[in-house]
Structures are given as structure tokens and as C-alpha cells.
Amino acid sequence: MESRLGFTCLWGWAFLLLFLSAPVVAEKVKLDPSNWGHSGGDECVSCHKKASAGVVTEWQQSAHAEAGVNCMDCHQAKSEEIDAFEHEGQIIATIVSPTDCGRCHDREFSEHKGSVHSEAVALGNADRSVLGDNLAGPALTTSGCDQCHGSVVKVKGDGTLDPATWPNSGIGRINPDGSKGSCSACHGRHRFSKAQARQPIACARCHASPKSPDQAVFDSSKHGMAYQAHIGDMNLDSDSWSAGKDYSAAPTCVTCHMGAAGKVAATHDVGMRSAWGLYGPVSERQHLVMFEDGDKREWPVSADAPKRGAEMQKLDGNPGTVKFVATPDRRRQVMSAVCRECHSKSFANGFMDQFDQLVELFNTKFGAPSQAIMQSLYQQGLLTPAPFDEPIEFIYWDLWHEHGAAARHGAAMASPDHSAFAGMYAVARSFYGEFLPQVRAVAGVGAVDLIQQHVLSQPAHNWLGQPDQASAVLGSLPDATGERRDE
Amino acid sequence: MSKASWLSQYITRHVLFALIIGSCGGILFILFLIEFDQYTGTEAFCTSCHSMSFAAEDYRQSAHFNSVSGVRASCGDCHVSEGIFAATLDHVMGVSDLWKQIFGPDYDDPVITALHLPEAAFAAREWFLRKDSATCRRCHEQEAIHGSRLHTNAIHVEDAKNKSCIECHYNLVHRKVPDQKTFKRDAWNRMIEEEFGLEAGAAERLMGGE
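Just so you know, these numbers come straight off a predicted model, no measurement behind them.

1. Focus: the overall build of chain A
If you tally the helices and strands in chain A, you get 20 helices and 9 strands. A compact globule built from 487 residues would reach a C-alpha radius of gyration of about 23 Å, and chain A, at 26 Å, matches this within 12%. Considering only C-alpha atoms, chain A reaches an extent of 90 × 55 × 55 Å along its principal axes. Residue burial in chain A is summarised as follows: out of 487 residues, 39% are buried. Look at the contacts in chain A between residues 6 or more apart in sequence, and 57% of them connect residues 24 or more apart.

Take a look at the structure:
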């Protein structure tokens, strides 16, 4: 055990070094310029300037145009590629996949490859089949789920793209060439503006739902306030964009989750610095498992940490060999290093402590008890195994997924309103006001023991046993002369 | 010898009759060819083979069948050259299609037609290109194409200046088939199998059993 921990530790440091030793300035393209400037590009521009002027105008304002990278450089394809088609004498493809972008942007490509973002299709499959297919239908999975998670793009036998899977710019899109992802998920085509990708709205296209209420959370945080107030000082177009050095007015999503700061290098593996998994019914600190082939996956600390060289299933279902494991503490260290560009160590640590405390509160007081009760109801056969065919399942889902996510994200990004009213208050309302009554309805007399075991045994719920503690919070002091009747 | 007697020596009554009958016959033959070329270019004639009705289904959905102005191009207007000799030649060459219809694969089966469609499309495109899209140009004047969008005319006058219509405008009327350079037989077969609910490999079996 000790040697394994030592090993994990060693590799954890290696992981940290990986962050700290890389350059702080955005990676420059190393490929020789002779690799672009396709001779067919002018013809594309001449016609598309007339046929779809918007696309051309956007491209003309891009760094690509400035560097002489034209339509053909990105859209050219080989005849044998499954989605290749003939267009005005050229063989091209509509979809420019990460592999195509990676020809020049190889570092960004390899960082994104194997990241949790790039596995968004596999990660969304369970939700997709229930929330998409069961609760709604295929039309929703196409226009909803898949637009963020990514579709599995289907090329029909006549070379056209199946409209059930395209257009799509989901971050984990599985492309006809087998690559995963869509650079245009964040980098809007065809301008591919640095400034646009660095703004919170680049993330908010998908991170705005109850599952991931990041946009609203950021907007109502001190960071969001500073960003809105000083957006003109953000130096968003700068080549080098290191927090504290190139800008200091405010952080954006990019700053903390992937941006350069001090000795911390920028990365296109956006989930790398997140120590907590905030999405589940109960949050866990998570290891980041790195595989030999560059793929990664999250691994909860409650499970045994995998050893280096061990075989382990990757997110895409294939087996992989573990290269190293980054502990949540290491991940937190990197995130905190970003904070330190503007905040003192004690400030950053204090903030992280407040965040951790709220997550633990949610976990122990509401997340774990409701999860245990639900498991018990399923085990006793009081609920059918199918999700969402009983009212309590919606209540339970909203409790951790919607309200719980708001609370935890509020704490993670310093939005008091989300921690409180959109978060923990809504969790409590859902728990005490809807969930427990439903448990009683479903389990009948059996509910008494269940609730006693998982809820009332916790001191945090002691207030329920003090019915005489009146307060004016409801608007006025109740006339507490009547006799309380026990159940 | 007078001129008249010289003529009368050769143009006997019998020769005169033969000339008149021959001329009338020739005129009638030309008229017949005109009528023949015209009739054999109509949709009614073409779709008298069941296999051609599949091609007609897509055609009837196209702008060449349903135009706002009511101008309608029928099969022969696009697929048969202008001029009696060229038109007749096209029909003579077309006999090979008739031969295949009778002695070749069962094109009346929609699956068979769909499987063989790409090669037919490639041949048709090659024909259009060889003719420099002459049948398109019977109705369409490249410089006069204005379209409904702002720069359609500029594209046709500037960017498509030395191009033949078919180079850009394929997959205009009939079922979409990729260009020959990017066509993938395997993918096409799987699509047709899926479309007609056939088991995998059925396409190869059907095509092999010609």
C-alpha cells in the first residue's frame, strides 16, 4: 500500500511538473508555412464571396487568413475518405475534424484527445437514452443532447451527412474519420477568434443548464462582476494571455480551467484541474487516470486507485494501460496556483476550504441520505427499476441534479445566491417538502425506519425534532398556543 | 441531240416514278424520324419500361418538372441531342439500354435499379460533359442566369465562365449519386440494403447474380 502511494505521489509530481514546465505563451504553430496556402483556395473565395459572403468575411478577419491559410487547407480531403465529395473540381469534406486542425495545432489536438471533454458522447450515453429517448424522443437527442455532447456523425452511402447527426458541433462529436471532438464547439467558425473563445459565453453554450449552471453562477460571482465591469481591459486578443501578466481585470472560465497563469501552462484538457466531480448524487474527489495512449478518465477516491501499468477500462469502453494517476490534491494544487496570481495563499486556501465544506454539507446532509433511501426503495421492490416512471424519481433527480448542482457550483465559483437560494435552499425544500413525503407515500410504515436511519440519526437534522422553535422567517410569529399533534 | 431527248433517254417513266416514290419515301422517313425522336423522348414513352418509373419519381420532384413558370423539360429534352441526326444517333445508341432492359438484370426491381444507378449516373454525366451540356443550353443561357439570390449571375458569368453546366449541376434531377472520384460502392450497397430492409451482403449477391 505504502509503495503504491509513493508511486502515485511520484507520478503526481510528474503530472504537476508537466503543468509547470511547459511554456506560458499560447503554442505557436511549428509547421512550415509551405504546408498551407493551397492553390485552389482563391477559387473557393471568389465564388463563396458571392454564394455565402458571411463565411468568407468571417474567414477574412481570422488569423488563418492573415497567415495565408485558406479554405482548401482545412477542407481538402482524400477521395477515399468516407465523407469526401467532389466540389467544383476539388475533393473536399464539410467536416473539419480535430485531426484536420491538429495538422498544425498538434499540441492542442493531443491535449484535447483523450480528455473528458473528448469523451462527451460516451459520458452522455446513459442520460441520452433516458432523458433523450425515453422522456422526449430522437428529435430532442439530435437538437439537444447531441449538440453539446456531440453526435456520432453518420455518412450515408451517397456521401451526404445524415441530418439526424449533422449539423453538429458537440465537444465530443465522433467524426467520420474516427476522431473525437469539434474544435468549433468553442472556436466559432470561420473567424476562430481567440477573443471569442476566451469569453465565458464560449463555454456557456453548453454549461448553462441546471446540470451545469456555470454561466449563471459565474455571472453572479465577484469574478463575473469584475469581468462585466472591465471587459474592455481583458486584453482578449493578445497572443500571450497569461493571468496576472497579460490581464488582471477578471478571470473567465478559461483562466481557471485551462488558461496560462504564472508557471502554470495553458491546456486544452479542460477538466484536468478539477479536484471534485460535482455532477453526481454525491460528489467525490477524483483521481485523473492517464493511460499510455493519452486517454484519460476520472476515478473516484473512494475506489482503489489504479496502479501504474494496470489494465483499466477507458471511457470509450476499450481497455487501456494506466500510465499515471494524478490525485485530487495535485489537481487542486494546479487550480490554486492560478488563484495565486491574484490572491494570497491563505485567501485561496480559505476559499477552497469554504467550497469543500459546502460540498461535504450537501453530501452528508442530503446527497448520501437520499441516495441510500432510494437504493433501499429499489432493493425492497417498492420502486420499479426504470427511472422516471414514478414521481419520487423526478423529485430525487431534481434534488441532486438541479438544486444540488447549483449549490455545489455556487460554492465552487463563489456565487452566494447559487450556493443559497438556487442551491441549498432548493435542495432542502425538495428534500423536506417533497422527497421525504414521497418516501412516506411509497414505503408506508417502513418509511419511519428508513428516515430514522438515514436522516433523523444525523445531528444536522435535529432541528426537525424541535417543533416549538418559532421564528418570524415566514413573515410573522405564529400564535403558538395550539397543541401540536404527533403523526 | 436536244436537251429534252438527252434527259428522256435516262429519265424514263420508270425512273421518274422511282424518284417520286423515293423522294416521298425519304420525306416520310425523315418525318417519321422526327416523330420517332420526338415520341421516344417523351416521359410517357420512357416510363413505358417499369424500371424508368423509378427515375421519373425523382424527376417529378425536381424543378425541371415543377417550375414556377410552367416550363417543363421532359426526358428527351435533356437526354436526347438536338437535330435529327444527333437525336437519331442517341436513340440508336440507346438501344443498348433496351437490350439490357430485356436481357440484362431485372431493372424492374427497384433494388436492382438502385444498385446499378451510380454507373448509369456516371455514364449520363460523361455524356453531358462530352456534349458540353448542349441540352441544358437549349433552354438556359449561362449569361442570363439570374437566380433568386444576389450574386447568382456574377457566379455564372465570372466563376463558372469556362465551365460546362454539368460540372457543377449534377444531382439536379435524379437521385443523388456521388461523383465517380469519391464514390464508394460498399457504402452505397449498405445504404440500399438499409433502405429496402435487406440483410447485409444482399446487394453483392443481387449484383453478382446478373
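2. Digging into the overall build of chain B
Scanning chain B for helices and strands turns up 12 helices and 0 strands. Reading chain B from its N end, one meets helices and strands in the order α-α-α-α-α-α-α-α-α-α-α-α. For 210 residues, the compact-globule estimate of 2.2 N^0.38 gives 17 Å, and the C-alpha radius of gyration of chain B, at 24 Å, exceeds that figure by more than 25%. Reported as C-alpha extents along the three principal axes, the dimensions of chain B are approximately 85 × 50 × 30 Å. The proportion of buried residues among the 210 residues of chain B is 19%. A separation threshold of at least 6 residues defines the contact pool for chain B, and within that pool the share at least 24 residues apart is 70%.

3. Some thoughts on the pairing of strand β9 (residues 319-326) of chain A
Residue and element names in this part refer to chain A. Here 4 bridges tie strand β6 (residues 284-291) to β9, and the two strands are oriented antiparallel to one another. Bridged to Leu 288 within β9 is Ala 326. The sheet contact formed by strand β8 (residues 311-313) and β9 spans 3 bridges and is antiparallel. Directly across from Met 312, in β9, lies its bridge partner Gly 320. Counting the residues between successive antiparallel strands, the hairpin from β8 to β9 contains 5 residues, one of them, Gly 317, with a positive phi of roughly 95°.

4. With respect to the nonpolar core
All names here are of chain A. The biggest cluster of nonpolar side chains holds 80 residues, and the ones touching the most others in it are Val 338, Phe 362, Leu 399, Ala 407 and Val 427. Considering every element that reaches this core, the biggest residue donor is helix α18 (residues 391-412), with 9 residues. Residues in contact with Val 338, not counting those within four places in the same chain, are Ala 243, Thr 255, Cys 256, Ala 261 and Val 264. Grouped together as the second largest cluster of nonpolar side chains are 10 residues, Met 272, Val 289, Trp 299 and Val 325 included.

5. Here's the deal with the interface of chain B and chain A
If you look at the interface, chain B gives 17 residues, while chain A gives 16 residues. Of all elements in the fold, only α9 (152-159) and α11 (185-196) of chain B reach the threshold of two or more residues within the side of chain B that touches chain A. Of the residues belonging to the side of chain B that touches chain A, the class tally is 9 nonpolar, 2 polar and 6 charged.

6. A short note on the environment of A:Ser336
All names here are of chain A. Tracing the backbone through its elements, the reader meets Ser 336 in helix α16 (residues 328-339). The class for Ser 336 is partly exposed, based on 19 C-beta atoms found within 10 Å. Apart from residues lying up to four places away in sequence, Ser 336 is in contact with Ala 348 and Met 352.

7. Examining the confidence of the model for chain A
All names here are of chain A. Taken over all residues, the pLDDT of chain A has a mean of 92, while the share at 70 or more is 93%. Confidence drops under a pLDDT of 50 for residues 1-7, and excluding neighbours within four residues, the segment shows 2 contacts in the predicted structure. Here residues 21-25 is modelled with pLDDT under 50, and outside its nearest four sequence neighbours on either side it reaches 7 contacts, counting other chains as well.

8. Examining helix α8 (residues 120-134) of chain A
Residues and elements named next belong to chain A. With 15 residues, α8 ought to run about 21 Å at 1.5 Å a step, and its terminal C-alpha atoms sit 20 Å apart, in line with that. The largest bend in α8 amounts to roughly 50° and is located at Arg 128. Within α8, the full set of buried residues consists of Ala 120, Val 121, Gly 124, Leu 131 and Gly 132. Of the surrounding elements, those touching the buried residues of α8 are α9 (138-143) and α10 (145-149).

9. Here's the deal with the packing of helix α17 (residues 345-379) of chain A against α18(A)
Residues and elements named next belong to chain A. Look at α17 against α18: their axes get within 9 Å of each other, and the N-to-C directions meet at 170°. The angle between the axes of α17 and α18 places the two elements in the roughly antiparallel class. Two secondary-structure elements touch here, α17 through Gln 354, Phe 355, Leu 358, Val 359, Phe 362, Phe 366, Gly 367, Ser 370 and Met 374 and α18 through Tyr 396, Leu 399, Trp 400, Gly 404, Ala 407, Arg 408, Ala 411 and Ala 412. In terms of residue class, the contact of α17 with α18 is made up of 12 nonpolar, 4 polar and 1 charged.

Analysis parameters
Residues numbered from 1 in each chain as written. Chains lettered and ligands numbered in written order. Predicted model: local features only at pLDDT ≥ 70, side-chain atom pairs only at ≥ 80, totals over all residues. Helix = DSSP H or I, 4+ residues; strand = E, 2+ residues; numbered from the N terminus. Rg over C-alpha atoms; globule rule 2.2 N^0.38 Å. Buried ≥ 20, exposed ≤ 12 C-beta atoms within 10 Å, placed from the backbone. Contact = placed C-beta atoms within 7 Å. Pairing = 2+ DSSP bridges. Core = buried A, V, L, I, M, F, W, Y, C linked by C-beta atoms within 7 Å. Nonpolar A, V, L, I, M, F, W, Y, C, P; charged D, E, K, R; others polar. pLDDT = per-residue confidence, 0-100. Expected span 1.5 Å × (residues − 1). Bend = angle between axes of the 7 residues up to and from the residue. Axes fitted to C-alpha atoms, helices over the stretch in contact; angles between N-to-C directions. Parallel < 35°, antiparallel > 145°, perpendicular 65-115°, else oblique.

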